[in-house]
Amino acid sequence: MALLDVQNLRAYYETQVYGISRTVRAVDGVSLQLLPNEIYGVAGESSCGKTTLIKVLSGTVKPPLKIHDGTVHYQFGSYKVDMLHFDSEELRHSVRWKEISYVPQGSMSVLNPVRRIIRTFEDIVDTHQGIQDKKVFFNQMRDYVNKLGLPPDVLNAFPHQLSGGMRQRVAIALATVFHPRLIIADEPTTALDVVVQRGVLQLLKDIQAESQNTVLLVTHDMAVHANVADRVAIMYAGRFVEEAPTKIIFGASRHPYTQHLIHSLPVIGDKSSRASLGGAPPNLANPPNGCRFHPRCAQVLEICRTQVPAMVDLGGRHRVACHLVKEATR
Amino acid sequence: MNANDKLLDVQHVTQIFHIGGLIGGSRLVAVNDVSFSLDRARPEIFTLAGESGSGKTTLAHLLLHDLDPMKGQVLFEGRDVSQIRKRKQVMEFMKKVQPVFQNPFETFNPLRRVEDYLYDTAIHFGRAKDHRTAAPIVDEVLRNVGLSLEEVSKRYPHELSGGQIQRMSVARALIPQPDLILADEPVSMVDASLRMAIVNLFRKLRDENKVSVVYITHDLATAYYISDRIAIMLRGNFVESGPVEAVLDRPLHPYTQLLKESLPSPNPSGLESWAKHIALGTTDVKEYGRVGCKFAGRCPRVMDICTKADPPDVQADGRTVKCYLYADGAK
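Residues numbered from 1 in each chain as written. Chains lettered and ligands numbered in written order. Predicted model: local features only at pLDDT ≥ 70, side-chain atom pairs only at ≥ 80, totals over all residues.

Enquirer: I would appreciate a short explanation of the overall build of chain A in the present structure.
Expert: In terms of helices and strands, chain A carries 10 helices and 12 strands. Judged by the C-alpha coordinates and their principal axes, chain A covers about 70 × 55 × 45 Å. When the 330 residues of chain A are sorted by exposure, 45% land in the buried category. The contacts of chain A with a sequence gap of at least 6 include a subset with a gap of at least 24, amounting to 64%. (Helix = DSSP H or I, 4+ residues; strand = E, 2+ residues; numbered from the N terminus. Buried ≥ 20, exposed ≤ 12 C-beta atoms within 10 Å, placed from the backbone. Contact = placed C-beta atoms within 7 Å.)

Enquirer: Got a minute to help me understand the environment of A:Ile268 in this structure?
Expert: Inspection of the secondary structure assignment puts A:Ile268 in the loop between α9 (256–263) and β11 (312–313). Ignoring sequence-local partners within four residues, the contact set of A:Ile268 consists of B:Leu220, B:Ala221, B:Tyr224, B:Leu248, B:Lys260 and B:Leu263.

Enquirer: Which parts of the structure should I look at to understand the environment of A:Val196?
Expert: Looking at the secondary structure, you find A:Val196 in helix α6 (residues 194–211). Expressed as a C-alpha distance, the spacing of A:Val196 and A:Arg169, which sit 27 residues apart in the sequence, is 9.8 Å.

Enquirer: Is there a simple way to think about the sheet that holds strand β5 (residues 79–82) of chain A in this case?
Expert: What links the strands of a sheet is backbone hydrogen bonding, and the strands pair in either a parallel or an antiparallel sense. Residue and element names in this part refer to chain A. Ordered in space as β2-β1-β4-β5, the 4 strands form an open sheet in which the pairing is antiparallel. Lying at the two open borders of the sheet, with one neighbouring strand each, are β2 (20–34) and β5. With strand direction ignored, the average angle separating the axes of adjacent strands in the sheet is 15 degrees. Pairing between strand β4 (residues 65–76) and β5: 4 bridges, direction antiparallel. Bridge assignment links His73 to a residue of β5, and that residue is Asp82. (Pairing = 2+ DSSP bridges. Axes fitted to C-alpha atoms, helices over the stretch in contact; angles between N-to-C directions.)

Enquirer: Hey, could you run me through the sheet that holds strand β9 (residues 229–234) of chain B in this one?
Expert: Residues and elements named next belong to chain B. The strand order β6-β7-β8-β3-β9-β10-β12-β11 describes an open sheet built from 8 strands, whose pairing is mixed. With partners counted over all chains shown, the strands left at the sheet margins are β6 (97–100) and β11 (313–316), one partner each. For this sheet, the mean angle separating the axes of adjacent strands, direction not counted, is 20 degrees. For β11 and strand β12 (residues 319–322), the ladder comprises 4 bridges, and the chain directions are antiparallel.

Enquirer: Can you walk me through α6(A) in this structure?
Expert: Owing to its 3.6 residues per turn, the α-helix aligns residues three or four sequence positions apart on the same side. Residues and elements named next belong to chain A. The end-to-end C-alpha distance of α6 is 26 Å, a good match for the 26 Å that 18 residues give at a rise of 1.5 Å each. In terms of burial, α6 is largely enclosed, as 13 of its 18 residues are buried. Backbone geometry just after α6 places Gln212 at a positive phi near 55 degrees. (Expected span 1.5 Å × (residues − 1).)

Enquirer: Would you explain the interface of chain A and chain B in this entry?
Expert: You'll often see interface size given as the accessible area lost when the parts meet. Listed as interface residues are 42 residues of chain A and, on the opposing side, 39 residues of chain B. For the side of chain A that touches chain B, the elements supplying multiple residues, two or more each, are α5 (164–175), α6, α7 (222–228), α8 (246–251) and α9 of chain A. If you tally residues by element for the side of chain A that touches chain B, the top one is α6(A), at 6 residues.

Enquirer: Just checking my understanding: could you explain the nonpolar core for this structure?
Expert: Soluble, globular proteins show a tendency: their nonpolar side chains are buried together. By size, the foremost hydrophobic cluster in this structure holds 181 residues, and its most contacted members are A:Leu216, A:Ile234, B:Tyr215 and B:Ile232. Per-element accounting of this core gives the leading share, 9 residues, to helix α8 (residues 192–208) of chain B. Other than its neighbours up to four places away in sequence, B:Ile232 contacts B:Ala49, B:Gly50, B:Val239, B:Glu240, B:Ser241, B:Val247, B:His253, B:Tyr255, B:Thr256 and B:Leu259. (Core = buried A, V, L, I, M, F, W, Y, C linked by C-beta atoms within 7 Å.)

Enquirer: In this structure, what is going on with the pairing of β2(A)? I would like to understand it.
Expert: Side chains on a regular strand alternate between the two faces of the sheet. Residues and elements named next belong to chain A. Here strand β1 (residues 4–17) runs beside β2; their pairing, made up of 11 bridges, is antiparallel. Pairing of Asp5 across the sheet is with Gln33, part of β2. Linking two consecutive strands that pair antiparallel, namely β1 and β2, is a turn of 2 residues; a positive phi of about 50 degrees is found at Tyr18 within it.

Enquirer: Honestly, the packing of α6(A) against helix α11 (residues 254–262) of chain B in this entry has me stumped. Any pointers?
Expert: The contact between α6(A) and α11(B) brings their axes to 8 Å, and the two run at 55 degrees. Relative to α11(B), the element α6(A) is oriented oblique. Between α6(A) and α11(B) lies a crossing of left-handed hand. Residues A:Val194, A:Val195 and A:Arg198 of α6(A) pack against B:Leu258, B:Leu259 and B:Ser262 of α11(B). For the contact of α6(A) with α11(B), the per-class residue count stands at 4 nonpolar, 1 polar and 1 charged. (Parallel < 35°, antiparallel > 145°, perpendicular 65-115°, else oblique. Left-handed = near helix turned anticlockwise from the far one by under 90°. Nonpolar A, V, L, I, M, F, W, Y, C, P; charged D, E, K, R; others polar.)

Enquirer: What is the right way to look at unusual backbone geometry in this model?
Expert: Most peptide bonds are trans, and most residues other than glycine sit at a negative phi. Omega for the bond connecting A:Pro63 with A:Pro64 falls within 30 degrees of zero, at 10 degrees, which places this linkage in the cis form. Relative to the assigned elements, A:Pro64 resides in the loop between α1 (50–57) and β4. With a phi close to 75 degrees, A:Trp97 is a non-glycine residue in the positive phi region. Locating A:Trp97 in the fold gives a position in the loop between α2 (88–95) and β6 (100–103). A positive phi angle, close to 50 degrees, is found at B:Asp317, a residue other than glycine. Its location among the elements puts B:Asp317 in the loop between β11 and β12.

Enquirer: It is not clear to me how the pairing of strand β10 (residues 239–245) of chain A should be interpreted in this structure. Could you clarify?
Expert: All names here are of chain A. By the criterion of burial, β10 is predominantly enclosed, with 6 of the 7 residues buried. Direction of pairing for strand β9 (residues 231–236) relative to β10: antiparallel, over a ladder of 6 bridges. Directly across from Ala233, in β10, lies its bridge partner Glu243. The turn linking β9 back onto β10 is made up of 2 residues, and Ala237 within it adopts a positive phi angle of 50 degrees. As paired strands, β10 and strand β12 (residues 319–320) are joined by 2 bridges and run antiparallel to one another. Opposite Glu243, over in β12, you have Arg319 as the bridge partner.

Enquirer: Explain the confidence of the model for chain B to me, please; I cannot follow it from the model alone.
Expert: Any residue range with low pLDDT should be treated as having predicted coordinates unsuitable for detailed reading. All names here are of chain B. The pLDDT averaged across chain B works out to 85; a share of 91% of its residues lies at or above 70. For chain B, per-element mean pLDDT is lowest for helix α13 (residues 284–288), which scores 61, and highest for strand β3 (residues 45–49), which scores 94. Per the prediction output, this complex has pTM 0.84; the corresponding ipTM is 0.78. (pLDDT = per-residue confidence, 0-100.)

Enquirer: I tried to follow the environment of A:Asn227 on my own but got confused; where do I start?
Expert: Relative to the assigned elements, A:Asn227 resides in helix α7. A sequence separation of 26 residues divides A:Asn227 from A:Leu201, and the C-alpha atoms of the two residues are 9.2 Å apart.

Right under this line is the structure:
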């Protein structure tokens, strides 16, 4: 059974300044299912709607963001949650951090700079569960970070004393302290170097493998998805254009945008010239008609300019939204 | 050798910062005895690669005459950069050495049109008398980077995509017709689909405009793609430097090997080596203060001698490597 079921979600930013109204269609018709015990990657460039999608999934919808259509249903064991119609107080008590937690991009901004790390742990555990005995709690936390392979003295350090990679791993430790069923990681390693990135992603994978929960990993770096994710969805201008198991995305992708993302990656040992994609990412306040990728697509057809391609199921959990695929299977 | 054969000659440069209060505190050697040079006759792309805190940006400041080295010299066209004092000399130097920065949205004032910076640069460096005569120069550099004046005129920074605006900042750097461009992480803020446009642009500048580029990055894959030579930096030291094919195809230093191995490959098979667990430093400052090789605390092949004295520079297999592992072969 799916842990999360999203159907045809549309979330727009609506602003009105001096009588001029503007609608930014950040998430425009996204459907997805997350299964228990998998790492699901979402890839896409900046301003393609990745972060808006996360906001809706984690239940932090605030104006000017508005939900226009669609459903978001969670199934935590026997506990069902309709995220779009849910009391925010109950969300805080019984869902957030216990069932869904979040690893942000910049760990410096989640850790209080003037308090030791252990105090941040204390705040979070106290808010969501309550602490009876501080001594027991300290020992529990010490064991917990030790189990994650972090040196116990990080608990007594201030955030600025830790290196960037260690700080990000502390943020992951914080996010997983209640063993949530879903961990949402938004660009968790984008600010880090390759060596540190590897260490942080290894920790995330280890935690996932041990507690068998689901990780929603959002990053624009395709190489990270290749190494970490089980399934990958490619997002472009507010829509999913392709979704498949990682091996298929990297071996047999069908959408021209996915193919470009993969072929443009430089590799050590290969100096052959690589083309870059022309044009600019679309403006979501005024997106192109039809397929939103068509102004930059090298294989554009006449139908692409006018008709939005539907998501086609190719079997083997491979879905793609492209008129070329439809033409080929016809 | 005649000093004028060298466009840029960095000789044993060291920069030390003092952290902490007046009493106590600690010394941080941000750049430690670094030397390299660029030939005038043969333009090339020279990459400085390393993780954050490796001293890349400090070295860039030294090359740009923002900082003067505490030891050693930076020679540009045979002249000591730290001796540049007079306004005329500074202008002359700025004309020949131009920077491109990491975040294009911070480079440009959000309330000013981007093209104004290009006109200003043209007038400031004396390539044009006024706005009208500057227009063809601006258009020419924009065409050089694959844009045109019609496309970007009257636009503010937020109206351009990250790739476009970063190309604008390269175009701005090209106006004084520099011999050397210093690009500090020029693609790290740019989306993957636009990244190759910038990187290809540096290639074109080298091949067609004969501009040398010092490319500072932590992304080894793009470094391999564009550069001729590379230097891997770790805590202020060049641990391995040489032709990019030699250094990245067959890395010798354990740190370079770790870097290359850690680079996630865009291929889902072959994950085994990447999944092998690695040791990370807890704090940054600890490694700076380390005696001997800075990598010794994390090195899988550490020896007793590594923690006692700085390793020597060894010539091996067409590159320079700072490691005791190869010291015997050199003798």
